[in-house]
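Examination of the molecular architecture
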Amino acid sequence: MSSEQWNRREFFAALAGGAAAFSIPSRAFGQNAPAPIKATRLSDRITMMSGDGGNVGVILSDSGLMMIDGGLPERASDMLGAVTGVDAHPVTLLFNTHWHFDHIGCNETLGAKGVKIMAQENVKKRLSVRTTMESMNRTFDPLKPQGLPTQEFSKSGKMTFGKEKIEYVHIPTAHTDGDTYLFFPDANILHTGDLLFNGFYPVIDYSTGGWVGGMARAAEEIARRCDAKTKVIPGHGPLASKDDLKAAGEMLSTVTQRLEKLIKEGKSADEAVAAAPTRDFDDKFGHGAFKPDAWTRIAYTSIVRHSQKS
Ligand SMILES: [Zn+2]
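Note that the structure is a prediction, hence the values are computed from the model and not measured. (Residues numbered from 1 in each chain as written. Predicted model: local features only at pLDDT ≥ 70, side-chain atom pairs only at ≥ 80, totals over all residues. Heavy atoms only, no water.)

The next thing to look at is the packing of helix H6 (residues 212–225) against helix H7 (residues 242–264). Running from N to C, H6 and H7 cross one another at 150°; their axes reach a closest spacing of 8 Å. The angle between H6 and H7 falls in the class roughly antiparallel. The interaxial crossing formed by H6 with H7 has left-handed handedness. Residues Val212, Gly213, Met215, Ala216, Ala219, Glu220, Ile222 and Ala223 of H6 form the contact with H7, whose participating residues are Lys242, Leu245, Lys246, Ala248, Gly249, Leu252, Ser253 and Thr256. A class-by-class count of the residues in the contact of H6 with H7 yields nine nonpolar, four polar and three charged. (Axes fitted to C-alpha atoms, helices over the stretch in contact; angles between N-to-C directions. Helix = DSSP H or I, 4+ residues; strand = E, 2+ residues; numbered from the N terminus. Parallel < 35°, antiparallel > 145°, perpendicular 65-115°, else oblique. Left-handed = near helix turned anticlockwise from the far one by under 90°. Contact = heavy atoms within 4.5 Å. Nonpolar A, V, L, I, M, F, W, Y, C, P; charged D, E, K, R; others polar.)

Moving on: the sheet that holds strand E14 (residues 231–233). In spatial order, the strands read E10-E11-E12-E13-E14; together these five strands make up an open sheet with mixed pairing. Of all strands in the sheet, those bounded by a partner on one side alone are strand E10 (157–161) and E14. Between one strand and the next, the sheet's axes are offset by a mean angle of 20°, whatever the strand orientation. Pairing geometry for strand E13 (residues 189–191) and E14, over three bridges, is parallel. (Pairing = 2+ DSSP bridges.)

A separate point is the nonpolar core. Among the nonpolar cores identified, the biggest contains 52 residues, and Val212, Met251, Leu259 and Trp295 are the most heavily contacted of them. Secondary structure elements with two or more residues in this core: helix H5 (121–127), strand E11 (164–171), strand E12 (179–184), H6, H7 and helix H10 (292–309). Top element by residues in this core is H7. It accounts for seven residues. Other than its neighbours up to four places away in sequence, Val212 contacts Ile204, Leu252, Thr256, Trp295, Ala299, Ser302 and Ile303. Within the second largest apolar cluster, 19 residues are counted, among which are Val58, Leu60, Val83 and Leu94. (Core = buried A, V, L, I, M, F, W, Y, C linked by side-chain atoms within 4.5 Å. Buried < 20%, exposed > 50% of the residue type's maximum accessible area, 1.4 Å probe, protein only.)

Distances from the zinc ion to its protein donors, His98 (NE2), His100 (ND1), His175 (NE2) and Asp194 (OD), fall within 2.1 to 2.2 Å. Viewed at the metal, the four donor atoms of the zinc ion are separated by angles of 89 to 167°, and the geometry they form is irregular. (Donors = N, O, S within 2.8 Å, 3.2 Å for Na, K, Ca; no water. Tetrahedral: all angles 85-135°; square planar, octahedral: opposite > 155°, others 65-115°.)

Enumeration over the complete set of coordinates arrives at two cavities of 30 Å³ or more. A volume near 50 Å³ is recorded for the largest cavity. Every residue along the wall of the largest cavity is listed here: Leu195, Leu196, Phe197, Phe200, Pro202, Met215, Ala248, Met251, Leu252 and Phe285. The leading source of residues in the lining of the largest cavity is H7, at three residues. (1 Å grid on protein atoms, 1.4 Å probe; cavity = no way out; pocket = protein on both sides within 12 Å on 5 of 7 lines; lining within 4 Å. Points joined across faces, edges and corners; volume = space filled by probe spheres on them.)

For the protein, per-residue confidence averages 91 on the pLDDT scale, and residues scoring 70 or more make up 90% of the total. Within the model, pLDDT remains below 50 along residues 16–31, and this stretch shows 26 contacts once partners closer than five positions in the same chain are excluded. (pLDDT = per-residue confidence, 0-100.)

For the rest of this paragraph, the subject is helix H3 (residues 76–86). Within H3, burial applies to Ala76, Met79, Leu80, Ala82, Val83 and Val86. Buried positions in H3, seen along its axis, are confined to an arc of 160° and lie on one side of it. With respect to the buried face of H3, the exposed residues turned more than 90 degrees away are Ser77 and Gly85. The inward-facing, buried residues of H3 abut strand E1 (38–41), strand E2 (46–50), strand E3 (56–60), strand E4 (65–68), strand E5 (91–95) and helix H4 (107–112). (Arc of directions from axis to C-beta.)

If you want it as structure tokens, here you go:
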């Protein structure tokens, strides 16, 4: 089944569930209630929410909560209800790791209440206009003005939320052109946004500046920020570790090198697929929403697009 044949809920329910979800026939998703949102406490002040679109981080302070991403728009009330179950304080800050709809689902609801929304400047740019994601064959309308980021940054920075120190780092041209990961040095926790899909081939949004080689470098760079004990909240899939980042980085970098060689030799996308550049990674990564052939095509196109820009 190609990704185009999945409807949006099926596709992202599957992404959120990781590889295990794919043993369930896709039709089942349409008939079942959506997966419950699960809260996993990672430290005194940081909780990971999963089961809805991208994984969400919740940070507690004495005066309010910070959310990192907000899941799917149609499940905003489920997500905000689950967050209230973690702590009754109101959300006072929402951070968007990137523009994708399965991460910005609470923007309009929280923005309407005056909650500050922080994001890299390219995120606001993408959310302000109708934007197409060719790798998923989908187009998204702009958010209502109240859902747009209210505090933008261009590069990386440091901040504190309550007692929690936070370093936020923008990685240009990886999964999109506006990805930020967040590191909490005291808690030794890191939220990657979609710079890591833990255990399966990732979405690469080449329509908004993403490419496979950039995702390889991002995974390698983030792995270097971690030690063996770092708890890594991935964009999709189960809680991860430095080793998972290293494995993703090695896969992405090897496939990039193989595809770059094939492209240099003048091979078409069909010929690149036939050369099976992902063959030794398919057992580990090929059971997600993207099957090896479809993903190879996306990775190939992302390299071609990136080389046309640079
Ligand atoms: Zn994404």
